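Listed here are the chains, written in short residue letters.
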Amino acid sequence: MKKILFFLALVLAFTACGKKAETQEDSKVLYLFNWSDYMPEEVLQNFEKETGIKVILDLYSSNEEMYTKIAAGSTGYDIIFPSADYQEIMIKQEMLEKIDKTKIPNISELNKEMVAKLDFDPNLDYVIPYAMGAVGVAVNKAKVPNYDRSYKIFEDSNLKGKMTLLNDSRQVITSALTYNGLNPTSKDPADLAKAKETIMKWKSNILKFDSESFGKGYANDEYLVVQGYFENISAQITEEQRKNMDFFIPEKGATMYIDSMVIPKGAKNIENAYIFMNYIHKPEVYAKIVDYFEIPSINDGAEKVRKTKAPYTLSELNKTTLLKDLGSALEKHNYIWNEIKSSN
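Residues numbered from 1 in each chain as written. Predicted model: local features only at pLDDT ≥ 70, side-chain atom pairs only at ≥ 80, totals over all residues. Heavy atoms only, no water.

**Side note on the overall build of the protein**
Check the secondary structure of the protein and you find 14 helices and ten strands. Considered along the principal axes of its C-alpha atoms, the protein spans approximately 90 × 45 × 35 Å. Buried residues in the protein amount to 51% of all 344 residues. Excluding contacts between residues fewer than 6 apart, the proportion of contacts in the protein whose partners are at least 24 apart in sequence is 74%. Only carbon and sulfur atoms are counted for the fraction: they give 51% of the accessible area of the protein, which is about 16700 Å². (Helix = DSSP H or I, 4+ residues; strand = E, 2+ residues; numbered from the N terminus. Buried < 20%, exposed > 50% of the residue type's maximum accessible area, 1.4 Å probe, protein only. Contact = heavy atoms within 4.5 Å. Areas by Shrake-Rupley, 256 points an atom, 1.4 Å probe, with all protein chains shown as cover.)

**Here we look at the sheet that holds strand 2 (residues 54-60)**
Spatially, the three strands line up as an open sheet ordered 2-1-3, and their pairing is parallel. Each edge of the open sheet carries a strand with a single partner, namely strand 2 and strand 3 (79-80). Lying on the sheet, helix 11 (residues 270-280) is in contact with strand 1 (29-35) and strand 3; it crosses strand 1 at an angle near 55 degrees. (Pairing = 2+ DSSP bridges. Axes fitted to C-alpha atoms, helices over the stretch in contact; angles between N-to-C directions.)

**Remarks on the environment of Gln87**
Among the secondary structure elements, Gln87 is positioned in helix 4 (residues 84-92). Look at Gln87 and you get buried, because its relative accessible area is 0%. Through-space distance from the C-alpha of Gln87 to that of Asp148 is 34 Å; in sequence the pair is 61 residues apart. Not counting chain neighbours up to four residues away, the residues in contact with Gln87 comprise Pro82, Leu96, Leu118, Phe120, Val127, Ile258, Asp259 and Ser260.

**Details of unusual backbone geometry**
Positive phi, normally seen in glycine, also occurs at Leu124, with a value near 55 degrees. As for its placement among the helices and strands, Leu124 is situated in the loop between helix 5 (112-115) and strand 4 (128-140). The residue Glu294 is not glycine, and still its phi comes out positive at about 55 degrees.

**A look at the environment of Gly301**
In this structure, Gly301 sits in helix 13 (residues 300-305). Residue Gly301 is classed as buried on the basis of its relative accessible area, which comes to 11%. Spatially, the C-alpha atom of Gly301 lies 37 Å from that of Leu224, the residues being 77 residues apart in sequence.

**A few points about the layout of surface pockets**
Estimates place the volume of the largest pocket at around 1100 Å³. Trp35, Ser61, Ser211, Tyr229 and Asn232 are, among the 43 residues lining the largest pocket, the residues nearest its centre. Counting only elements with at least two residues in the lining of the largest pocket, the list comes to helix 3 (63-71), helix 4, helix 6 (169-179), helix 8 (214-219), helix 9 (230-234), strand 9 (255-261), helix 12 (283-293) and helix 14 (329-342). In terms of residues, the lining of the largest pocket owes the most to one element, strand 9, which gives four residues. (1 Å grid on protein atoms, 1.4 Å probe; cavity = no way out; pocket = protein on both sides within 12 Å on 5 of 7 lines; lining within 4 Å. Points joined across faces, edges and corners; volume = space filled by probe spheres on them.)

**Things to note about the nonpolar core**
Grouped together as the largest cluster of nonpolar side chains are 109 residues, with contacts concentrated most on Tyr130, Phe154, Val225 and Phe276. With nine residues, the top contributor of residues to this core is strand 4. (Core = buried A, V, L, I, M, F, W, Y, C linked by side-chain atoms within 4.5 Å.)

**Remarks on the packing of aromatic side chains**
Scanning the model with the defined rule gives 18 aromatic pairs in all. Both rings, one in Phe47 and one in Phe276, keep their centres 5.0 Å apart while their planes meet at 85 degrees; by these two values the pair is edge-to-face. Note that Phe47 is positioned in helix 2 (residues 41-51) and Phe276 in helix 11, a separation of 229 residues in sequence. On the basis of relative accessibility, which here comes to 0%, the residue Phe47 falls in the buried class. When the centroid spacing of 5.4 Å and the interplanar angle of 75 degrees are considered together, the rings of Phe230 and Phe247 count as edge-to-face. You can see Phe230 sitting in helix 9 and its partner Phe247 sitting in strand 8 (residues 245-248), a full 17 residues away along the chain. Through a chain of ring-to-ring contacts, three or more aromatic side chains come together here, namely Tyr38, Phe81, Tyr130, Tyr292 and Phe293. The ring of Tyr179 carries the charged tip of Lys252 above its face, separated from the ring centre by 5.3 Å. (Phe/Tyr/Trp six-rings, centres within 6.5 Å; stacked < 30°, edge-to-face > 60°. Lys NZ or Arg CZ within 6 Å of the ring centre and 35° of its normal.)

**Section: the pattern of salt bridges**
Per the stated rule, a full pass over the model turns up 16 salt bridges. Where Lys282 meets Glu50, a salt bridge forms, and the shortest distance between an N and an O atom there is 3.6 Å. Within this pair, whereas Lys282 is found in the loop between helix 11 and helix 12, its partner Glu50 is found in helix 2, the two being separated by 232 residues in sequence. Taking the shortest distance from any N to any O, the salt bridge between Glu155 and Lys152 comes out at 3.7 Å. A network of salt bridges, in which partner residues are shared, links Glu88, Lys92 and Asp325. (Salt bridge = Lys/Arg side-chain N within 4 Å of Asp/Glu carboxyl O.)

Rendered as structure tokens:
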């Protein structure tokens, strides 16, 4: 009987050790759910070396994909990176943990003008901004000598089949509404009909709606004009192509993004999430991020030590529209987008 009890004691001891080891191992991991190619590998590697916390990364290609997975009950992620509209939606739906800002002292480096744009979370109780930028238009000026520096360029039939727009309803519809001087969040049938009419003109000249390969297409001269993100295009082109590229933010119709780090409900490694968020906003670390993507710095300290120059400034973004939650208008926007995509 004593031998049996001794054996059981050993089993219990090994089980306890195993659980303890598992807990210790789990305490040294961080699960990120992020956009593809949205974090320099060097930053992740240095974080792991400095903290001993292993980063496990899953990727998504759209806010909708991320939201669907999280809303369906996918847990296990410690930080995700939604854009402003989905940040607002997830806050309203109580899908996010409230942040203990005392554990992220480096948020003092965040640009106050940028933070003020997040009026749905003005105190940063749920979101810690990660990156800010604009959707613009890139033109190969070596092959397109004369053009309007506005969305009117997509009405130029001489460029038919050599242009693309993003495959993104929010970006394209918002651009069309503001291009026509209308409320970017309108659900008025007349406004949406006007936006649809404009987009159909654009569609008649573009090769396709493309959010995946517009950078590569521009680099290999398949596209001469693209709506997109500077960082996605610049990563694909040569120095010579860069000299011949005009990237501009249209005065009418421009949109911007603010992507933030948030902690979803049910996150297991919240303390590690705080360590990561604070690490990202060390000025010398954040400088590596903006230098890699060549985007405006939302971290004031990083702006002072960065090595590259962004193609546009934070102040230039004041003429753009930040995409936020459309509320009841979303269904109507989605409806006309489906009409646009399915029509010939």
